Amino acid sequence: MGDPLAQLEDDCGGHAAEADSSDAVDGVAAQWVARPADEAETAAVLRTCAEGGLAVVTRGAGTKLGWGLPPRRVDVVLDTTRMDRLVEHAAGDLVVVAGAGRRLGQVQADLAEAGQRLSIDPPQDGTIGGTIASAATGPIRLAHGAVRDLVIGATFVLADGTVAHSGGKVVKNVAGYDVAKLLTGSLGTLAVITQAAFRLHPEPHARAWVTAPVTGGDEAHRLTQAAVHSQTMPAALELDLATPREGTLCVQLEGVGPGVEQRAATMCGLLGPQAERFTEPPPWWGHEPFTAGDVELRLTHELGALDTLLQALESGQDATGLAVRLRGSVGVGSVLAGVDASADPGAVAALVGELRGRAADFGGSVVVRDAPRAVKEAVDVWGPVSGLALMRSVKDRFDPGARLSPGRFVGGI
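Residues numbered from 1 in each chain as written. Predicted model: local features only at pLDDT ≥ 70, side-chain atom pairs only at ≥ 80, totals over all residues. Heavy atoms only, no water.

1. Some details on the overall build of the chain
1) Next: Looking only at helices and strands, one finds 14 helices and 19 strands in the chain.
2) Next: Relative to a compact globule of 413 residues, whose C-alpha radius of gyration would be 22 Å, the chain shows 22 Å and is just as compact.
3) Next: Dimensions along the principal axes, computed over C-alpha positions, put the chain at roughly 70 × 55 × 35 Å.
4) Next: The buried share among the 413 residues of the chain stands at 54%.
5) Next: Taken together, the 35 basic and 50 acidic charged side chains of the chain have centroids lying 4 Å from each other. (Helix = DSSP H or I, 4+ residues; strand = E, 2+ residues; numbered from the N terminus. Rg over C-alpha atoms; globule rule 2.2 N^0.38 Å. Buried < 20%, exposed > 50% of the residue type's maximum accessible area, 1.4 Å probe, protein only. Lys, Arg positive; Asp, Glu negative; His and termini not counted. Charge placed at Lys NZ, Arg CZ, Asp CG, Glu CD.)

2. Brief notes about the sheet that holds strand S8 (residues 151–157)
1) Next: What the 5 strands build is an open sheet, ordered S5-S6-S10-S8-S9; its pairing is antiparallel. Two strands in the sheet have a free side with no partner beyond their single neighbour: strand S5 (86–90) and strand S9 (163–167). Averaged over all pairs of adjacent strands, the angle between their axes in this sheet comes to 10 degrees, without regard to strand direction. (Pairing = 2+ DSSP bridges. Axes fitted to C-alpha atoms, helices over the stretch in contact; angles between N-to-C directions.)

3. Some details on the sheet that holds strand S17 (residues 325–329)
1) Next: The strand order across the open sheet built from 8 strands is S15-S12-S14-S13-S17-S18-S16-S19, with neighbouring strands paired in antiparallel fashion. The open sheet has two edge strands, strand S15 (276–278) and strand S19 (366–370), and neither has a second partner. Taken pair by pair, the neighbouring strands of this sheet meet at an average axis angle of 20 degrees, ignoring direction.
2) Next: Inspection of the sheet shows strand S16 (residues 295–300) paired to S19 by 4 bridges, in the antiparallel sense. The residue bridging Leu-299 from the neighbouring strand is Val-366, located in S19.
3) Next: The sheet contacts of helix H8 (residues 217–228) involve strand S12 (206–214), strand S13 (236–243) and strand S14 (246–255), and relative to S12 the element is tilted by about 155 degrees.
4) Next: Most of the contacts of helix H9 (residues 257–271) go to S14, to which it runs at about 155 degrees, and overall it touches S12, S14 and S15. (Contact = heavy atoms within 4.5 Å.)

4. Focus on the pairing of S16
1) Next: Where S16 meets strand S18 (residues 334–339), 6 bridges bridge the pair, whose relative direction is antiparallel. Considered in S18, the bridge of Arg-298 is made with Leu-336.

5. A few points about the nonpolar core
1) Next: Grouped together as the largest cluster of nonpolar side chains are 57 residues, with contacts concentrated most on Leu-239, Leu-271, Leu-297 and Leu-299.
2) Next: Non-local contacts of Leu-271, meaning those with residues more than four positions away in its chain, are made with Val-210, Ala-212, Leu-223, Leu-249 and Val-251. (Core = buried A, V, L, I, M, F, W, Y, C linked by side-chain atoms within 4.5 Å.)

6. Observations regarding the pattern of salt bridges
1) Next: Per the stated rule, a full pass over the model turns up 20 salt bridges.
2) Next: For Asp-23, the salt bridge identified is with Arg-59, shortest N-O distance 2.8 Å. Of this pair, Asp-23 sits in the loop between strand S1 (16–18) and strand S2 (32–34) while Arg-59 sits in strand S3 (residues 56–59); the two residues are 36 residues apart in sequence, bridging distant segments of the chain. Of the two residues, Asp-23 and Arg-59, neither departs from the other in class, the shared state being buried.
3) Next: Between Arg-222 and Glu-219 there is a salt bridge, with the nearest N and O atoms lying 3.8 Å from each other. Of this pair, Arg-222 and Glu-219 are both found in helix H8, 3 residues apart, which corresponds to roughly one turn of the helix.
4) Next: In this structure Glu-219 comes out as partly exposed when scored by relative accessible area, which is 23%.
5) Next: By sharing partners, the salt bridges in this structure join Asp-23, Arg-35, Arg-59 and Asp-79 into a single network. (Salt bridge = Lys/Arg side-chain N within 4 Å of Asp/Glu carboxyl O.)

7. Points about helix H2 (residues 39–52)
1) Next: Helix length check: H2, at 14 residues, gives a terminal C-alpha distance of 20 Å against a target of 20 Å (1.5 Å per residue), a fit within 8%.
2) Next: Here H2 has its buried residues at Glu-41, Thr-42, Ala-43, Ala-44, Val-45, Leu-46, Thr-48 and Cys-49.
3) Next: For H2, the N-terminal capping position is held by Asp-38, with its side-chain oxygen 3.1 Å away from the main-chain nitrogen of Ala-40.
4) Next: Among the residues trailing H2, Gly-53 stands out with phi positive, at a value near 65 degrees. (Expected span 1.5 Å × (residues − 1). Polar contact = N/O pair within 3.5 Å; in protein donor to acceptor, adjacent residues only side chain to side chain.)

8. Regarding the packing of aromatic side chains
1) Next: On inspection of all chains with the given rule, the structure shows 2 aromatic pairs.
2) Next: Judged by centre distance (6.0 Å) and plane angle (45 degrees), the rings of Trp-284 and Trp-285 are tilted. For the residue pair Trp-284 and Trp-285, the accessibility class agrees, reading buried in each case.
3) Next: Taken together, a centroid distance of 5.3 Å and an interplanar angle of 70 degrees make the contact between Trp-382 and Phe-409 edge-to-face. With Trp-382 in the loop between helix H13 (373–378) and helix H14 (388–398) and Phe-409 in the segment after H14, the pair connects residues that are 27 residues apart, well separated along the chain. This pair shows no difference in class: Trp-382 is buried, exactly as Phe-409 is. (Phe/Tyr/Trp six-rings, centres within 6.5 Å; stacked < 30°, edge-to-face > 60°.)

9. A short note on the confidence of the model for the chain
1) Next: A residue-level look at the chain finds 97% of positions with pLDDT of 70 or above and a mean pLDDT of 95.
2) Next: Within the model, pLDDT remains below 50 along residues 171–177, and this stretch shows 17 contacts once partners closer than five positions in the same chain are excluded. (pLDDT = per-residue confidence, 0-100.)

10. Here we look at the side chain of Ser-186
1) Next: Of note, Ser-186 is situated in the loop between helix H7 (177–183) and strand S10 (192–199).
2) Next: Classification of Ser-186 by relative accessible area gives buried; the value is 5%.
3) Next: In this structure Ser-186 touches Ala-133 and Phe-409, once residues within four positions along its chain are discounted.

11. Some points on the packing of H8 against helix H10 (residues 306–320)
1) Next: Following both chains from N to C, one finds H8 and H10 inclined at 155 degrees, their axes separated by 8 Å at the closest point. In terms of orientation, H8 lies roughly antiparallel with respect to H10. Handedness of the crossing formed by H8 with H10: right-handed. Seen from H8, the contacting residues are Gly-217, Asp-218, Ala-220, His-221 and Thr-224; seen from H10, they are Leu-306, Asp-307, Leu-310 and Gln-311.
2) Next: Taken together, the residues that form the contact of H8 with H10 break down as 3 nonpolar, 4 polar and 2 charged. (Parallel < 35°, antiparallel > 145°, perpendicular 65-115°, else oblique. Left-handed = near helix turned anticlockwise from the far one by under 90°. Nonpolar A, V, L, I, M, F, W, Y, C, P; charged D, E, K, R; others polar.)

Next up, the structure:
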């Protein structure tokens, strides 16, 4: 091929440029940035990259580029932020179609006038495409499911520039639905999403939050079990632990006013005499337990084994001397934990090893979602993964040249 930048500029109507240091992906420098406006321009960019054997990393808001492993190489950063249209809002069908580059907060504002919402509540600065690619989720997953449960269709472009569609924009349309699910959580290693359709939910008329202090893993487990197995139908159930023996359990309830009031009173009774009802969530609600640059762990567990996970975490802290902050959705068995960026990489590796050694006991997994480079070099960020051969086979079918986000995913996929 000739001049790659000139060709990329032609593909994107002039919206391509030399990369600079801000375009690096997890410390790996890029050569060029292309900003297509739709699937046609995206297909043109990917055909150019296929012709030149160029590696491509897709970027939306750029908030999750540190997740997983650093890519083996980055020739082109494909920036989706020009694909930011609200394509369609079929309020009567409870369906929205949006471009991959539209920010989640913008989509929620689009829907609010109709009294509807997309029931995904991670930090709202991420894009639609990035939310799907990362499978980012938040507290109300308990009531409404994860991202992959809400996606009903997607348009995407394969590594060779082929434009493909999965599912549709009707909730009952299930044709090709599994492909959209497959792209969820793939970190851009299978295709470039250009737009997606989601099913929606009405905004609740009323909300309430009930909090109760917890003084250790056993109490956190007991109160979580009481809330999950109650008849109050919580929309979200979050645990915040500043230390192994100091934290708060918070339950969110949604619905019509009188019903929420009654259920909140019931929940207060279940959580004990120190439980309190509020009309606003606690300040930490919906926020991750770390800041940019810290070590981010994602821990999963069986619902009946929360106490075992918390015991393992306490043991790991005692053994390594690390301070760990835990927060997450104990009602669905998925929590996040943070360790300060200044922590010794060897100590972090020891903590991760301690937790993985107990993972079978709590029926889950331990992933280093993001961390400083020294930590990523000291520990296997993904850990043991079942079905790796199948994952490699899927990667080979979607991206036989291994040019899309090469190396970021499990097993170096």
